[in-house]
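Breakdown of the fold
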Amino acid sequence: MIISQFSPTSSHQGEDSNGPLCETISNTESELPSNSEGLSSTETTLLIPDHQVINKRHQSKDSVFFRDGVRRIDFVLSYVDDPNKEEEKKTERRREFEKNLQKAGLELETEDKKESEDGKTYFVKIHAPWEVLITYAEVLNIKVPIKENDIPSTVEYPLDCMLKPFRLPEKVMHPEPDYFTAPFSKSRQELYLIDNESTFFSPSMRNRIVYYILTRCPYGTEEGKKKFGIKRLLNNGTYTAAYPLHDCQYWKKANDPNCDNERYTLYMEWARFLRFYKEQPLDLIRKYYGEKIGIYFAWLGFYTEMLFFAAVVGLICFLYGWFTMDENMSSKEICAAAIGGEIIMCPLCDRKCEYWKLNTTCESSEYSHLFDNVATLFFAIFMGIWVTLFLEFWKRRQARLKYEWDLVDFEEEQQQLQLRPEYEAKCTHKKKNPVTQEMEPYLPLTSQAVRFCISGTTVLFWISLIIASMIAVIVYRLAVYAAFASIMENTQAPHSISGLLTPQLATSVTASCLNFVIIMILNFLYEKIAVWITDMEIPRTHLEYENRLTMKMFLFQFVNYYSSCFYVAFFKGKFVGYPGNYTYMFSSWRNEECDPAGCLIELTTQLTIVMAGKQIWGNIQEAIVPWIWNWWGRRKARCNPENLYSRWEQDHDLQSFGVLGLFYEYLEMVIQFGFITLFVASFPLAPLLALMNNVLEIRVDSWKLTTQFRRPVAAKAHSIGVWQEILNGMAILSVVTNAFIVAFTSDMIPRLVYYYAYFTNEDSPMSGYINNSLSVFQVSDFLEGNKPEKNPENFLTCRYRDYRYPPGHGRKYDHTMQFWHILAAKMAFIIIMEHIVFIVKFFVAWMIPDVPAEVKARIKREKFLTQKILHEYELNKLKQKLCECKTYENMEKEVIATEGKVELSQAM
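These notes cover the structure that comes with them. Note that the structure is a prediction, hence the values are computed from the model and not measured. (Residues numbered from 1 in each chain as written. Predicted model: local features only at pLDDT ≥ 70, side-chain atom pairs only at ≥ 80, totals over all residues. Heavy atoms only, no water.)

1. Some remarks on the overall build of the protein
- For the protein, the helix and strand inventory stands at 27 helices and 20 strands.
- Considering the protein as a whole, with its 908 residues, one finds that 53% of them fall into the buried category.
- Total accessible area computed for the protein in this model is approximately 42100 Å², and 59% of it derives from carbon and sulfur atoms. (Helix = DSSP H or I, 4+ residues; strand = E, 2+ residues; numbered from the N terminus. Buried < 20%, exposed > 50% of the residue type's maximum accessible area, 1.4 Å probe, protein only. Areas by Shrake-Rupley, 256 points an atom, 1.4 Å probe, with all protein chains shown as cover.)

Here's what the structure looks like:
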């Protein structure tokens, strides 16, 4: 036997290229970390057999084990020698930090920089021995198996055979048996199904435990304050990276026969685009990456499945518009030479613009019918119900996952409600907790108020900046319209190019592209600001931190992405005035009018450019950028043979997923959800675009997570968190926005009012609608400031979109009674549609229970059986003690009490 004792400086000296044979500390009596004092324990030695000491030069460096080939690497820290004035301080921090890690019971092994590919990076490998794992498994309330689940699985439905092409192999879908589980307790280890101590805790559980220790381990006192946590050491450059290892390379299996090769399986069965039609191996994802990432992919997959139905209905509505395009009386009249060719429209800008004929907008009016038809109303109502079904059925799917993943009794206090190390470090004031009667850190109310004021002011400033940028885009629209009109006037086609691109459409497209660029720039800047101000607030718990950052980011993104769509939908063309009395922005720029075909086609254009542009840019950011960075970082090392390019170096060269990596994935999808719900009445194909994007998104996210990023630290989560409430809020808002879009942005209500109340031809009620919807203006009434410079044909009157009395009438240019009838019809439609959809939504939500009855029954059954197993275990243990100590009367009473408890439980 060889006795190896820890030396505080051995891991840094690097005198031997192979490093020390063993640098380990094992401690079976490590103290649990308190809230503010970090980790502490007593230092001991570890006895290691001779045959476990293996020369590293003869061992594959692709291994995920220590040099002895037995102890698994649970975490890796890396750092670089940087000869400057700060290096001595960093070295001292590392020495103290690693010493305290070993006092906590962890075992360390350092790879000298001479052994690394770049010749300057040290790697500290960390292993958690059994004693540490069981200690912190109890602290973290980790559930472990006590008996294989004997509850029969649900009966397969007859149609399941049709879904076989979409299924994955059973071994991939369910990589391990289903067990009854119970929270781990050191005092009853014999109760659990512990076949092998080295594999009892999965790698994801192990790295979670080690990360918990790393975030709370102290490394010294600076400026009179106790400093601790790996996050702070990463921020100040003491360490360059901290990460758990992937179990193998993604493109081939590991040489070790005991390796599960889960990363390889995930890549082959999940992360390749050619598997886009296959279901996701959620249990394997959860096992490898943890529940938090698993539930994200479960939600994304379910959202994509539900999008299929919305996409089909939206496509049918679009096809209806396509097939009935030739039957649209409005576009027929606009295109007719005898009607649209004879109607002279008033200029769309002051001075520079000229009079124009209505039939120049023939093509755009025909295409607007694709989205502005009767099916638009049906689809708006359908989407209001669809979003409710999506949210309610997701609750049921989530409840099933909570049961299957042992999250039913998951307590937020055990995970998310733990005090953040940053909060413990920065809050120097302490007060007694009225519940626990223990002293704990707190932030004074005055400090909280100041921080919230700064935070709120910063958020309002950035939202104001968004509004200012939107106004700038509006000014751009107003300023360049005349230029586009002048350019198109000087071409062979007087007012259009190729019969389609009108000055209005050209302005709308360029303004939408400009708006998208501004959106991306503001997003990039605000992301950093949002993280900074959230850190400044010093949230008490991880849950508070995530919720505050989520609300800041979502509020900003909501205004940033949707403000331009809200402007086009609800403001553009609504406050124009009329010829001779136009309204102006800042007394300089005349408010812009809608396209003669209506504002709905412009809203469709805006929505398509922003939504499609965001999705394309998002996929480029998520897939191509990490791949380029990784390729550049390992352009030399990736050509090295396996024995020269170690597993920890391979993972070190990958990108870091980061604590907020999943946050940005949720944010991206929720913003997309807003596009397909808030403005879907203007673009029925939006769900189809989202569906195609999400099919790609699932594979891009899985590919980058499996191949381009280091393995994230496993974390628990029993739901999608605050995003659920955000989705619920957007679902309610979508009913209102779509009702207003149908009423005020589309021409459906004016057409219906004309059809039922103002038609002039009984055989064709819609004939004459275009002439009826255009008012007459006398050219001589133009003011000198906005009168066209040219009128070569000496037009006496021109037409404009509105319902006003003509010249010569006693109420010249006042609104007609038809205008008020249409306005009343619009308001009535909004009220009726909202009430109908809300009633159906709430009825559907009431009818669908959040937890399936079958899941409820299985939860109750499992709880009963688990309690029974635990009671029987305690009873047998007490009987054994009674046999050993027959003289103790109190032991007999305890047995009787336990038996009574079991009988009572069975009776209940």
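On we go.
2. Overview of the pattern of salt bridges
- Using the criterion set out here, one finds 32 salt bridges in the structure.
- The salt bridge partner of glutamate 269 is arginine 275, with a shortest N-O separation of 2.6 Å. Assigned by exposure class, glutamate 269 and arginine 275 land together as buried.
- Close ionic contact of aspartate 802 with arginine 804 constitutes a salt bridge, the shortest N to O distance being 2.8 Å.
- Assessed through its relative accessible area of 14%, aspartate 802 is described here as buried.
- In the salt-bridge network here, residues are joined through shared partners; they are Arg67, Glu109, Glu111 and Lys125. (Salt bridge = Lys/Arg side-chain N within 4 Å of Asp/Glu carboxyl O.)

3. Side note on the state of the cysteines
- The tally for this structure, following the rule as stated, stands at 3 disulfides.
- At a sulfur-sulfur separation of 1.8 Å, the disulfide partner of cysteine 335 is cysteine 362. The sign of the 100 degrees torsion about the S-S bond sets the cysteine 335-cysteine 362 disulfide as right-handed. Taken together, the positions of cysteine 335 in helix α11 (residues 329–335) and cysteine 362 in helix α12 (residues 362–368) put the pair 27 residues apart, joining distant regions of the chain.
- Taking relative accessible area as the criterion, cysteine 362 reaches 12% and is therefore assigned buried.
- The side chain of cysteine 346 participates in a disulfide bridge whose partner is cysteine 798; the two sulfur atoms lie 1.9 Å from each other. Taking the sign of the S-S torsion, about 85 degrees here, the bridge from cysteine 346 to cysteine 798 comes out right-handed. A residue pair is termed long-range when its members are at least 10 positions apart, and cysteine 346 in the loop between β11 (344–345) and β12 (356–357) and cysteine 798 in strand β20 (residues 797–801) qualify at 452 residues. (Disulfide = S-S within 2.5 Å.)

4. A few points about the nonpolar core
- If you look at the biggest cluster of nonpolar residues, it comprises 137 residues, and the most contacted ones within it are Trp299, Tyr303, Trp386, Phe390, Tyr562 and Phe675.
- By residue number, the principal contributor to this core is helix α10 (residues 291–323), which donates 16 residues.
- Ranked by size, the runner-up nonpolar core spans 47 residues in total, among them Tyr79, Trp130, Ile142 and Leu214. (Core = buried A, V, L, I, M, F, W, Y, C linked by side-chain atoms within 4.5 Å.)

5. Concerning the packing of aromatic side chains
- Taken as a whole, this structure holds 61 aromatic pairs when the rule is applied.
- An angle of 80 degrees between the planes, with centres 5.9 Å apart, marks the rings of tyrosine 79 and tyrosine 239 as edge-to-face. Pair noted here: tyrosine 79 is in strand β3 (residues 75–80) and tyrosine 239 is in the loop between α7 (230–235) and β10 (241–243), with a separation of 160 residues, a long-range link.
- Given the relative accessible area of 1%, tyrosine 239 is considered buried.
- We note lysine 125 situated over the ring of tryptophan 648; from NZ or CZ to the ring centre the distance is 4.3 Å.
- Over the ring of tyrosine 288 we find arginine 711; its NZ or CZ atom is 3.8 Å from the centre of that ring. (Phe/Tyr/Trp six-rings, centres within 6.5 Å; stacked < 30°, edge-to-face > 60°. Lys NZ or Arg CZ within 6 Å of the ring centre and 35° of its normal.)

6. What about the sheet that holds strand β5 (residues 121–127)?
- Ordered by their spatial adjacency, 4 strands build an open sheet running β4-β5-β3-β10, and the pairing between neighbours is antiparallel. Every interior strand has two partners, whereas the edge strands, β4 (107–111) and β10, have only one. Here the average twist between neighbouring strands, direction ignored, is 15 degrees.
- Both β4 and β5 contribute to a ladder of 5 bridges, which runs antiparallel. Its bridge partner being in β5, leucine 108 is matched across the sheet by isoleucine 126.
- Of the strands in this sheet, β3, β4 and β5 touch helix α2 (residues 87–103), which is tilted by about 165 degrees from β3.
- Set on the sheet, helix α6 (residues 203–214) makes contact with β3 and β5; between it and β3 the angle comes to about 50 degrees. (Pairing = 2+ DSSP bridges. Axes fitted to C-alpha atoms, helices over the stretch in contact; angles between N-to-C directions. Contact = heavy atoms within 4.5 Å.)

7. Focus: helix α8 (residues 262–269)
- By the criterion of burial, α8 is predominantly enclosed, with 6 of the 8 residues buried.
- Listed in full, the buried residues belonging to α8 are Glu262, Arg263, Tyr264, Leu266, Tyr267 and Glu269.
- Those residues of α8 that are buried lie in contact with α4 (170–173), α9 (282–289), α19 (647–652) and α21 (686–708).

8. A few points about the environment of glutamate 269
- Here glutamate 269 shows up in helix α8.
- For glutamate 269, a relative accessible area of 17% corresponds to the buried category.
- Sequence spacing of glutamate 269 and proline 281 is 12 residues, and the spatial spacing of their C-alpha atoms is 8.0 Å.
- If near-sequence neighbours (up to four positions away) are discounted, glutamate 269 is found in contact with Leu168, Pro169, Val172 and Arg275.

9. Observations regarding the side chain of arginine 647
- Examined against the element boundaries, arginine 647 turns out to sit in helix α19.
- Polar contacts involving the side chain of arginine 647 include one to the side chain of glutamine 650, which spans 3.2 Å.
- In terms of polar contacts, arginine 647 uses its side chain to reach the side chain of aspartate 651, at 3.0 Å. (Polar contact = N/O pair within 3.5 Å; in protein donor to acceptor, adjacent residues only side chain to side chain.)

10. Regarding unusual backbone geometry
- Of note, isoleucine 538 is a non-glycine position whose phi angle comes to about 55 degrees, a positive value.
- Among the structural elements, isoleucine 538 can be located in the loop between α16 (503–537) and α17 (542–570).
- Phi angles above zero are rare outside glycine, and asparagine 794 is one such case at about 50 degrees.
- When you line up the elements, asparagine 794 lands in the loop between β19 (774–778) and β20.

11. Looking at the packing of helix α22 (residues 722–745) against helix α25 (residues 817–847)
- At their nearest, the axes of α22 and α25 sit 9 Å apart, and the two run at 150 degrees to each other. The angle between α22 and α25 places the two elements in the roughly antiparallel class. The two elements α22 and α25 meet at a crossing, and its hand is right-handed. Together, Ala731, Ile732, Val735, Val736, Asn738, Ala739, Phe740, Val742, Ala743 and Phe744 of α22 and Leu823, Lys826, Met827, Phe829, Ile830, Met833, Glu834, Val837, Phe838 and Lys841 of α25 make up the contact between the two elements.
- Per-class residue counts for the contact of α22 with α25 are 16 nonpolar, 1 polar and 3 charged. (Parallel < 35°, antiparallel > 145°, perpendicular 65-115°, else oblique. Left-handed = near helix turned anticlockwise from the far one by under 90°. Nonpolar A, V, L, I, M, F, W, Y, C, P; charged D, E, K, R; others polar.)

12. Some details on the packing of helix α20 (residues 661–678) against α21
- Where α20 contacts α21, the axes come no closer than 10 Å and their chain directions differ by 170 degrees. If you check the angle between α20 and α21, you find them roughly antiparallel. Along its contact with α20, which presents Glu665, Glu668, Met669, Gln672 and Ile676, the element α21 presents Ala686, Pro687, Ala690, Asn693, Asn694, Glu697, Asp701 and Lys704.
- A class-by-class count of the residues in the contact of α20 with α21 yields 5 nonpolar, 3 polar and 5 charged.

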